[in-house]
Amino acid sequence: MMNIAVLVSGGGTNLQALIDAQSRGEIQGGKITCVISSKPDAYALERAKNNGIPTRVIPRKDYDDIHSYTKAVRDALVEERADLVVYAGFMTILDSQVVEEFEGRMMNVHPALIPSFCGKGFYGLRVHRAVLDSGVKLTGATVHFVTEDCDAGPIIIQKAIEVNNDDTPESLQKRVMEQCEWKILPKAVSLFCQGRIKIIGNKTEII
Ligand code: GAR
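Before going into details, it helps to say that this report is about the structure given with it. (Residues numbered from 1 in each chain as written. Predicted model: local features only at pLDDT ≥ 70, side-chain atom pairs only at ≥ 80, totals over all residues. Heavy atoms only, no water.)

### Looking at the side chain of Asn14
Here Asn14 shows up in helix α1 (residues 13-23). Among the polar contacts made by the side chain of Asn14, one reaches the side chain of Glu181 at a distance of 2.9 Å. Leave out the neighbours within four places in its chain, and Asn14 touches Ala88, Val109, Glu181, Trp182 and Leu185. (Helix = DSSP H or I, 4+ residues; strand = E, 2+ residues; numbered from the N terminus. Polar contact = N/O pair within 3.5 Å; in protein donor to acceptor, adjacent residues only side chain to side chain. Contact = heavy atoms within 4.5 Å.)

### Things to note about helix α5 (residues 125-134)
Within the sequence span of α5, burial applies to Val127, His128, Ala130 and Val131. Viewed end-on, α5 has its buried residues packed into an arc of 160°, placing them on one side of the element. Residues of α5 that are buried make contact with β5 (106-110), β6 (138-145) and α6 (169-193). Where α5 terminates, the next one or two residues include Gly135, which has phi positive at roughly 85°. (Buried < 20%, exposed > 50% of the residue type's maximum accessible area, 1.4 Å probe, protein only. Arc of directions from axis to C-beta.)

### A look at helix α3 (residues 66-79)
Its 14 residues place the ends of α3 20 Å apart at the C-alpha level, agreeing with the 20 Å of an ideal helix rising 1.5 Å per residue. Within the sequence span of α3, burial applies to Tyr69, Thr70, Ala72, Val73, Arg74, Ala76 and Leu77. Taken together, the buried residues of α3 touch β1 (2-8), β2 (30-37), β3 (55-57), β4 (84-87) and α4 (96-101). The residue sitting at the N-terminus of α3 and contributing the capping side-chain oxygen is Asp65; that oxygen lies 3.2 Å from the backbone nitrogen of His67. Following α3 by one or two positions, Arg81 adopts a phi angle in the positive range, close to 55°. (Expected span 1.5 Å × (residues − 1).)

### Overview of the environment of Thr139
Within the secondary structure, Thr139 sits in strand β6. Taking the C-alpha atoms as reference points, Thr139 and Ala160, separated by 21 residues in sequence, lie 5.5 Å from one another. In contact with Thr139, other than residues within four places in its own chain, are Pro111, Ala112, Leu113, Val131, Lys159, Ala160, Ile161, Val163, Leu172 and Val176.

### Focus: the environment of Asn3
Take Asn3: it is sitting in strand β1. Considered as a pair, Asn3 and Val85 are 82 residues apart in the sequence and their alpha carbons are 8.7 Å apart. Non-local contacts of Asn3, meaning those with residues more than four positions away in its chain, are made with Lys31, Thr33, Glu80, Arg81, Ala82, Asp83 and Leu84. At a separation of 2.9 Å, a polar atom in the side chain of Asn3 contacts the main-chain carbonyl oxygen of Arg81.

### As for the sheet that holds β4
Within the open sheet, the 7 strands sit side by side as β3-β2-β1-β4-β5-β6-β7. Their pairing is mixed. Both edges of this open sheet fall to β3 and β7 (155-162), since each of them pairs with a single strand only. The sheet shows a mean angle of 20° between the axes of neighbouring strands, taken without regard to direction. Relative to β2, β1 is paired through 7 bridges, and the arrangement is parallel. The residue of β2 that forms the bridge with Leu7 is Ile36. Across the face of the sheet, α1 comes into contact with β1, β2, β4 and β5 while running at roughly 160° to β2. (Pairing = 2+ DSSP bridges. Axes fitted to C-alpha atoms, helices over the stretch in contact; angles between N-to-C directions.)

### Points about the side chain of Asn108
With respect to the helices and strands, the residue Asn108 is situated in strand β5. Here the side chain of Asn108 touches Asp151 through a polar contact of 3.4 Å, side chain to side chain. Excluding residues within four positions of it along the chain, Asn108 makes contact with Tyr87, Thr142, Val143, His144, Val146 and Asp151.

As structure tokens, this is what we get:
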């Protein structure tokens, strides 16, 4: 069984999707063993506690710079013996220390079709606002491996939906979460824990 550590900062609906998939027996070969939050008041922590999952809070504001913060998170992940690290609405870009330690074992869910609407500054509702401003007709979500470059690691799964004329950033965010993120994140985690994701350069193959 692989130990899955989930990094969160907010509401934790993606964490909930992982917990629900685990309850249904859909995370094969892995178990959520720890949830780490960058914010003490993240509702994601309640979701973990309600399901008996150990939690840690490592507040971003307690650290002067990203280097010392990354070190604290990395040390916690090593202590927790994480085999897979999942960024599920984790809003801090960690530096290379964590990527070196967990290369090819760390994934992120992003609320758009990478390589569009991603990178520094594209998070949460900002992504959906940018999608609406651009006039694209399709959007969706991406699960990808985390590398040093923000949102640029090998893509594992993507799912697309149509943008409607009357969408607001909030309505689009809701549909992208419900129809894309909450489906593809548990799927990618399960594939990883079964050893079914092969990384070839900056691409992946599901085997
Ligand atoms: C999700 O939509 C996630 O994709 C996004 O933040 C939301 C967190 O929701 N992440 C990013 O924008 C990262 N670039 P949640 O806390 O309810 O899972």
